[in-house]
Amino acid sequence: MMRSSSLLSGLGRVYIGLVLVFLYLPLVIMAAMSFNASPFYQLPFEGTTSWYAALASNEGLIASTLNSLQIAVLTTLIATTLGTAASLALFRSDFRGKRALQALLFPPIAIPWLISGTAMLIFFFGTGIGRGLHAILLGHVALALPYVIIVVSARLQTFPRELEDAAASLGASRWQTTRKVTLPAIAPGIVAGALFAFAVSFDQFVVSYFLATPGQTTLPVEIYAAIRKGFTPEINAVSTIVILFSMGLMLIVSRFFRFAGDR
Amino acid sequence: MARVDVKNVSLSFGAYRALNDVSISFADGGFYALLGPSGSGKTTLLRMIAGFEYPDEGSILIGGEAVESVPVDKRRIGMVFQNYAIFPNMSVAENVAFGLRVRGEKGAGVEKAVSDALDLVQLGHLAKRRPHQLSGGQRQRVALARAIVTKPRVLLLDEPLSALDKGLRKDMQIELKRIQREVGVTTIFVTHDQDEALSISDRIGILKDGAIVQEGAPEEIYDRPRSEFAATFLGEANIIEGTAEGGRLTLENGVSIPLPQEAARSSGHLRCAIRPERVHVVPGGLASVNLSQAGTLTGIVRHKLFSGSLSTYSIDCDGRQFQAIVPRTGEDDIRMGSPVEVTWKKEDLIILA
Ligand SMILES: Nc1ncnc2c1ncn2[C@@H]1O[C@H](COP(=O)(O)OP(=O)(O)OP(=O)(O)O)[C@@H](O)[C@H]1O
Ligand SMILES: [Mg+2]
């Protein structure tokens with residue numbers, strides 16, 4: 001018994017180790033190569049920061065990185081706000097067609113982005129919204145919204161309704177109840193939803209690619225265009241910065257919110 | 001403080017009629033218990049007074065004013081929920097302060113009111129605790145302090161003690177009663193527990209299938225239940241049926257017993273009840289009672305349940321089980337399987353509708 005469980009836990013460790021290797025090793029190699037003098041991944045390793053210096057003068061990459069960040073932050077704010085409000089409405093009210101509406105939230109997640117992107121392109125073109133950063137933002141919000149609603153609604157499932165009743169009985173208005181009782185209780189769900197929204201937008205290539213215009217583009221689209229022209233280690237450099245930034249962001253968030261417990 | 005009047009209120013959930021033409025008044029400063037089996041509509045009635053449900057018909061008045069158009073947060077009520085509904089993201093003191101803060105009150109006044117309320121429920125020393133660090137009884141008292149600190153006109157309590165164990169529950173009943181008397185707020189208390197209702201309240205309403213079966217002071221309901229349901233739901237009762245004529249009741253087995261004064265002129269089929277503690281048990285059938293003043297049946301002792309100061313006997317009288325509760329004051333000479341006579345004073349017979 002003891003032996004087999006220690007064998008299992010040994011296997012478990014190996015498994016987790018492999019998962020971590022596959023997840024992080026490519027990133028580590030990429031980060032290392034961003035400091036390697038050879039642009040063709042040649043060894044021996046020769047330390048340099050010249051690619052970072054080159055990056056500093058690559059206006060296309062810098063502008064698109066800033067665009068990406070801006071759009072991701074705006075998408076996160078808008079989709080999280082709208083999605084949380086929608087989740088609360090679905091939680092509180094009972095109306096005809098509620099179940100159908102909730103069911104309709106799932107298909108967009110399963111629809112390939114290539115198809116969503118094409119549909120958006122046609123729709124935005126037809127309605128005169130056109131392409132550009134505003135169109136990308138609109139598209140990202142639409143993509144992120146179902147994620148936020150699903151995650152926040154899942155959190156609300158475990159929220160005791162009596163807490164809202166209790167607040168009302170104590171004289172709190174709807175808004176006071178929402179702000180002081182409901183939102184704090186479902187905050188971990190909202191943060192998780194916001195992370196999804198950020199990831200959907202910041203990661204987004206396909207939909208952005210359809211909606212970008214030459215001057216107005218996002219980092220993934222710009223990287224793709226750069227790779228097609230010819231790979232440069234500046235991409236390693238910008239990717240390393242992005243990786244560090246994203247990981248830092250996630251670590252900060254996970255420090256403030258424990259996802260498993262409530263307290 | 002205010003009186004509450006529920007007037008001809010009905011409410012349906014879909015096809016199910018949860019409340020059916022309910023009328024009941026709660027006097028200013030009174031302590032009412034709403035008692036009834038599960039699903040009888042107690043919570044629904046309470047939630048309706050609070051404003052969480054709206055009556056399909058009828059109206060609810062608080063302090064003489066119809067409150068149909070007043071939302072929950074404007075009704076100035078206090079409510080303690082069955083699971084307490086303590087806000088988990090706030091400390092004990094913040095929970096209690098909540099009702100004052102949402103009214104825009106600030107500063108020392110709030111702190112004073114909160115500490116007074118916590119002292120009232122004897123939790124002053126736990127003000128800084130988080131809810132998950134409290135016991136069930138402490139949570140319940142936080143909920144109570146939170147509900148009364150806003151000086152509500154009506155206090156609504158939905159089975160607040162049901163989650164507590166017996167000892168704590170007794171303590172809390174006494175405490176609740178003390179606090180209610182101190183604050184003087186009209187209180188409506190929902191409970192499953194008949195003993196709790198009897199000991200704590202000054203009036204009781206019994207609900208069954210969404211309707212008030214009977215309402216009155218505890219002694220009145222216990223001594224004069226008007227239906228078999230009320231008689232058996234609140235306490236134990238032996239039911240006797242027969243045909244009334246000329247001030248006497250003739251039972252199925254031919255035995256005739258005297259009826260109390262109030263039923264002297266009844267005739268036809270009649271149902272009566274007699275409380276087990278009003279029944280006397282005489283061994284060997286040697287009772288020398290005046291048959292015009294006392295009811296008497298003969299039977300065989302089948303069971304005996306000993307509970308310290310009392311013994312409860314189950315006596316088989318021609319196939320009908322009769323309960324008798326006898327204080328154990330002397331030599332115990334009632335034996336299992338032995339013939340006995342059970343008697344009672346005719347005034348102790350309760351006439352049921
Ligand atoms: N929101 C609702 N929708 C449908 N039916 C409901 C709803 N709320 C209550 N009911 C029904 O109304 C009836 C009365 O419910 P209520 O909660 O008032 O009972 P109760 O007397 O408080 O019972 P308990 O002692 O078990 O708490 C029950 O049959 C219940 O199923
Ligand atoms: Mg109930």
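Residues numbered from 1 in each chain as written. Chains lettered and ligands numbered in written order. Predicted model: local features only at pLDDT ≥ 70, side-chain atom pairs only at ≥ 80, totals over all residues. Heavy atoms only, no water.

In the nomenclature of an unreviewed UniProt entry, chain B is known as ABC transporter ATP-binding protein of Fulvimarina endophytica. On record in UniProt, under Sequence similarities (unreviewed entry), the comment for chain B is "Belongs to the ABC transporter superfamily." (UniProt positions renumbered as here; feature names shortened; annotations may be inferred.)

A. Structural context of the pattern of salt bridges. Residues and elements named next belong to chain B. One pass over the full model with this rule turns up 19 salt bridges over all chains. Salt-bridge contacts for Glu 215 lead to Arg 203; the nearest nitrogen and oxygen are separated by 3.0 Å. Taken together, the positions of Glu 215 in strand E10 (residues 211–216) and Arg 203 in strand E9 (residues 203–208) put the pair twelve residues apart, joining distant regions of the chain. Between Glu 262 and Arg 224 there is a salt bridge; the shortest N-O distance is 3.7 Å. Note that Glu 262 is positioned in the loop between strand E13 (256–258) and strand E14 (268–274) and Arg 224 in the loop between helix H7 (218–223) and helix H8 (228–233), a separation of 38 residues in sequence. (Salt bridge = Lys/Arg side-chain N within 4 Å of Asp/Glu carboxyl O. Helix = DSSP H or I, 4+ residues; strand = E, 2+ residues; numbered from the N terminus.)

B. Looking closely at the state of the cysteines. Residue and element names in this part refer to chain B. Scanning the entire structure with this criterion turns up zero disulfides over all chains. We note that Cys 272 lacks a disulfide partner, and the nearest cysteine sulfur, in Cys 317, lies 15 Å from it. Assessed through its relative accessible area of 6%, Cys 317 is described here as buried. (Disulfide = S-S within 2.5 Å. Buried < 20%, exposed > 50% of the residue type's maximum accessible area, 1.4 Å probe, protein only.)

C. Structural view of unusual backbone geometry. All names here are of chain B. A positive phi angle, close to 50 degrees, is found at Ala 85, a residue other than glycine. For Ala 85, a relative accessible area of 5% puts it in the buried group. Its identity as a non-glycine residue notwithstanding, Asp 209 has a phi of 50 degrees, on the positive side. Accessibility expressed as a relative area gives 56% for Asp 209, which makes it exposed.

D. Examining the interface of chain B and chain A more closely. With 23 residues of chain B at the interface, the matching set in chain A holds 16 residues. Where chain B abuts chain A, roughly 1,700 Å² becomes buried across the two surfaces, and 66% of that area is made up of carbon and sulfur atoms. Contact with chain A buries surface across chain B, with Asp73(B), Phe98(B) and Val102(B) losing the most and accounting together for 29% of the total. Inspection of the region where chain B meets chain A yields five residue pairs in polar contact (both at pLDDT 80 or more). Within the residue set of the side of chain B that touches chain A, elements represented by two or more residues are strand E6 (77–80), helix H2 (92–101) and helix H4 (136–148) of chain B. The element best represented in the side of chain B that touches chain A is H2(B), accounting for three residues. For the side of chain B that touches chain A, the class distribution of residues is 13 nonpolar, five polar and five charged. (Contact = heavy atoms within 4.5 Å. Buried area = accessible area lost by both parts, 1.4 Å probe. Polar contact = N/O pair within 3.5 Å; in protein donor to acceptor, adjacent residues only side chain to side chain. Nonpolar A, V, L, I, M, F, W, Y, C, P; charged D, E, K, R; others polar.)

E. Local environment of the site of ligand 1. Residues and elements named next belong to chain B. Near ligand 1, the surroundings consist of 13 residues, among which Ser 38, Gly 39, Lys 42, Thr 43 and Thr 44 are the closest. One of the side-chain N or O atoms of Tyr 16 is found 3.3 Å from an oxygen atom in ligand 1. At 2.6 Å, a side-chain N or O of Thr 43 approaches an oxygen atom of ligand 1. Within the complex, the protein chains bury 61% of what would otherwise be the 630 Å² of accessible surface of ligand 1. Only strand E2 (16–26) and helix H1 (42–50) provide two or more residues apiece to the shell around ligand 1. A per-class count over the shell around ligand 1 returns four nonpolar, seven polar and two charged. (Near = heavy atom within 4 Å. Areas by Shrake-Rupley, 256 points an atom, 1.4 Å probe, with all protein chains shown as cover.)

F. Broad picture of the environment of Val183(B). All names here are of chain B. Topologically, Val 183 is positioned in helix H5 (residues 166–183). A C-alpha to C-alpha distance of 9.4 Å links Val 183 and Met 1, two positions 182 residues apart in sequence. When residues no more than four places from it in sequence are discounted, the contact partners of Val 183 are Met 1, Leu 120 and Ile 148.

G. Highlighting the UniProt feature "domain: ABC transporter" (unreviewed entry) in chain B. When the UniProt feature table is mapped onto this chain, "domain: ABC transporter" (unreviewed entry) is found at residues 4–234 of chain B. A helix fraction of 35% and a strand fraction of 26% characterise residues 4–234 of chain B, whose end C-alpha atoms lie 24 Å from each other.

H. Fine view of H4(B). With 13 residues, H4(B) ought to run about 18 Å at 1.5 Å a step, and its terminal C-alpha atoms sit 19 Å apart, in line with that. Among the 13 residues of H4(B), eleven are classified as buried, and the element is accordingly described as predominantly covered. Every buried residue belonging to H4(B) is among Gly137(B), Gln138(B), Gln140(B), Arg141(B), Val142(B), Ala143(B), Leu144(B), Ala145(B), Arg146(B), Ala147(B) and Ile148(B), and all of these are buried. Against helix H8 (161–169) of chain A together with E6, H2, helix H3 (108–120), strand E7 (154–158) and H5 of chain B lie the buried residues of H4(B). (Expected span 1.5 Å × (residues − 1).)

I. Up close: H8(A). Counting buried positions over the nine residues of H8(A) gives seven, a clear majority of the element. Taken as a whole, H8(A) has its buried residues at Leu163(A), Glu164(A), Asp165(A), Ala166(A), Ala167(A), Ala168(A) and Ser169(A). Close packing links the buried residues of H8(A) with helix H3 (59–92) and helix H9 (174–202) of chain A together with H1, E6, H2 and H4 of chain B.

J. Local environment of the sheet that holds strand E15 (residues 280–283) of chain B. All names here are of chain B. Reading across from one edge, E15-E19-E16-E17-E18 is the order of the five strands in this open sheet, with antiparallel pairing throughout. Looking at which strands have only one partner, the edges of the open sheet turn out to be E15 and strand E18 (320–327). Ignoring which end each strand starts from, the neighbouring axes of this sheet average 45 degrees apart. Here E15 runs beside strand E19 (residues 339–345); their pairing, made up of four bridges, is antiparallel. Across the sheet, residue Val 281 finds its bridge partner in E19, namely Val 342. (Pairing = 2+ DSSP bridges. Axes fitted to C-alpha atoms, helices over the stretch in contact; angles between N-to-C directions.)

K. Representation of the nonpolar core in the model. One finds Val6(B), Phe26(B), Phe87(B), Phe98(B) and Leu156(B) to be the most contacted residues of the largest nonpolar core, which totals 67 residues. Excluding residues that lie within four positions of it along the chain, Leu156(B) makes contacts with Leu46(B), Ile49(B), Ala50(B), Ile77(B), Gly78(B), Met79(B), Val80(B) and Ile188(B). (Core = buried A, V, L, I, M, F, W, Y, C linked by side-chain atoms within 4.5 Å.)

L. Fine view of the packing of aromatic side chains. Applying the stated criterion across every chain, the model contains 14 aromatic pairs over all chains. A ring pair is formed by Phe31(B) and Phe189(B), whose centres lie 5.9 Å apart and whose planes are at 55 degrees; its orientation type is tilted. With Phe31(B) in strand E3 (residues 31–35) and Phe189(B) in strand E8 (residues 186–191), this residue pair connects regions lying 158 residues apart in the sequence. Classification of Phe31(B) by relative accessible area gives buried; the value is 0%. For Phe189(B), a relative accessible area of 0% gives the class buried. Above the ring of Phe91(A), the side-chain terminus of Arg161(A) is found at 4.2 Å from the ring centroid. (Phe/Tyr/Trp six-rings, centres within 6.5 Å; stacked < 30°, edge-to-face > 60°. Lys NZ or Arg CZ within 6 Å of the ring centre and 35° of its normal.)

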